[in-house]
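Chain by chain, the residues:
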Amino acid sequence: METEMMGMPDIEVCVRDMFGIDSDLRVPAYSTPTEFVPDIDPKYVFNPEVTLAILAGFSHNRRTLVQGMHGTGKSTHIEQVAARLNWPCLRINLDGHISRLDLVGKDTLVLRDGKQVTEFQDGLLPWSVTRPIALVLDEYDAGRPDVMFVIQRLLEKEGKLTLSDKNRVLTPHAAFRLFATANTVGLGNLQGLYHGTHALNHAQIDRWNLVVTLNYLAPEREAAIVLSRVPTKNTEQGQRLVSQMVALANLTRRAFANGDTSTLMSPRTVIMWAENHELFPDVRLAFRLTFLNKCDESEWPVFNELYQRCFDEELIVQSPLFDSQSSGTETGTRT
């Protein structure tokens, strides 16, 4: 498998035929997958602009950063492009515990001929850059700023990776590709929504060749995705229900943009709501268990109003901030 991974792409695919995008671009690809190629999701819906940016990253070795709100499918988008190109892909989640040693490598104790010896073990970066791997730095803006400088040189054209610990300079494999996903483009937690993100060095952000934003989909496309994920809802009644769910999700996003709420419903949340509705036939109960109970109680009246607009009924919730006389429905307890 290792020998098999060392080759270059051996075929080209037409973007129009493969992704249904009106473009004459042809992208190098592999004819056979390896164990590092993600599984294809045949129901995945591609965003044309984001897909073209990612494909440019693959075909022209452009460092590509995908930015967007949570739940829009940034990492999955890159993975699904790689899956259709049969391009090996590796995701690294840059949480606060990822250190420079994890990325570069460190000395470790190993057994050689029955004796313990100290040996340098390559980290994730040296292993990736020397192979035809599409490396995805997930949650890029959550990585520690001092650690992020490790990839500074890799972001440059023909950039190499220097391992000062071993006095080695690694030249990236010709089929190595670098991608990243972020919620804030390195601006930090300005909205108070993405705790744990950091303000990153602007000189490094400037080195990314392509920066593309993945926004929430149009309502009809988002509804189509929900129906593809929850096929039992693909009935006349189910389609009407999913349309109401998507409409409510869009209202929460608008309320968040206006500063009325601190939480919004992502497409992932809508899918979970539809899935949970299969378990809990009461759509209001499924909504509370999926989303409402994650929100601050002070914002429940806002979500109650938004829910009423879409479903023409109030949520059955018990909150000291709700006026029990304002609704003729019986109030219950928070689930």
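Residues numbered from 1 in each chain as written. Predicted model: local features only at pLDDT ≥ 70, side-chain atom pairs only at ≥ 80, totals over all residues. Heavy atoms only, no water.

Within the open sheet, the five strands sit side by side as β4-β7-β10-β3-β11. Their pairing is parallel. Two strands lie at the open edges of the sheet, namely β4 (89-93) and β11 (210-213), each paired on one side alone. Looking at each pair of strands side by side, their axes are set apart by 20 degrees on average, direction ignored. Both β4 and strand β7 (residues 134-138) contribute to a ladder of five bridges, which runs parallel. Pairing of I92 across the sheet is with L137, part of β7. The strands touched by helix α3 (residues 48-60) are β3 (64-67), β7, β10 (177-182) and β11; relative to β11, the strand with the most contacts, the crossing angle is about 155 degrees. Here helix α4 (residues 74-85) sits on the sheet and contacts β3, β4, β7 and β10; the angle it forms with β10, its principal contact strand, is near 155 degrees. (Pairing = 2+ DSSP bridges. Helix = DSSP H or I, 4+ residues; strand = E, 2+ residues; numbered from the N terminus. Axes fitted to C-alpha atoms, helices over the stretch in contact; angles between N-to-C directions. Contact = heavy atoms within 4.5 Å.)

As a further point, take the environment of R268. If you trace the backbone, R268 turns up in helix α11 (residues 267-279). Overall, R268 belongs to the partly exposed group, its relative accessible area being 47%. Between the C-alpha atoms of R268 and G73, which are 195 residues apart in sequence, the distance is 8.4 Å. (Buried < 20%, exposed > 50% of the residue type's maximum accessible area, 1.4 Å probe, protein only.)

Counted under the stated rule, the structure contains eleven salt bridges. With a closest N to O distance of 2.6 Å, R229 and D41 form a salt bridge. Of this pair, R229 sits in helix α9 (residues 219-229) while D41 sits in the loop between β2 (26-29) and α3, and the two are 188 residues apart along the sequence. Sharing partners across several salt bridges, the network here consists of R16, D22 and D24. (Salt bridge = Lys/Arg side-chain N within 4 Å of Asp/Glu carboxyl O.)

This part is about the pairing of β10. Where burial is concerned, most of β10 is hidden: six out of the six residues are buried. Burial along β10 is two-sided: R177, F179 and T181 facing one way and L178, A180 and A182 facing the other are all buried. Pairing of β3 with β10, which is carried by four bridges, proceeds in the parallel orientation. Each residue of the ladder has a partner; that of Q67, found in β10, is A182.

The next thing to look at is a nonpolar patch on the surface. Taken together, the side chains of L279, F280 and L289 define a hydrophobic patch exposed on the protein surface, amounting to about 270 Å² of accessible area. The class of F280 is partly exposed, set by a relative accessible area of 33%. (Patch = residues over 30% accessible without salt bridge, like charges linked within 9 Å, V, L, I, M, F, W, Y side chains within 5 Å. Areas by Shrake-Rupley, 256 points an atom, 1.4 Å probe, with all protein chains shown as cover.)

Counting buried positions along helix α12 (residues 283-290) yields six of eight residues, so the element is predominantly enclosed. Every buried residue of α12 is accounted for by V283, R284, A286, F287, R288 and T290. On its buried face, α12 sits against α10 (236-257), α11 and α13 (300-311). One side-chain oxygen of the residue at the start of α12 lies 2.9 Å from the amide nitrogen of R284, identifying that residue as D282. (Polar contact = N/O pair within 3.5 Å; in protein donor to acceptor, adjacent residues only side chain to side chain.)

Take the environment of Y307 next. Within the secondary structure layout, Y307 lies in helix α13. Separated by 58 residues in sequence, Y307 and A249 have C-alpha atoms that sit 9.5 Å apart.

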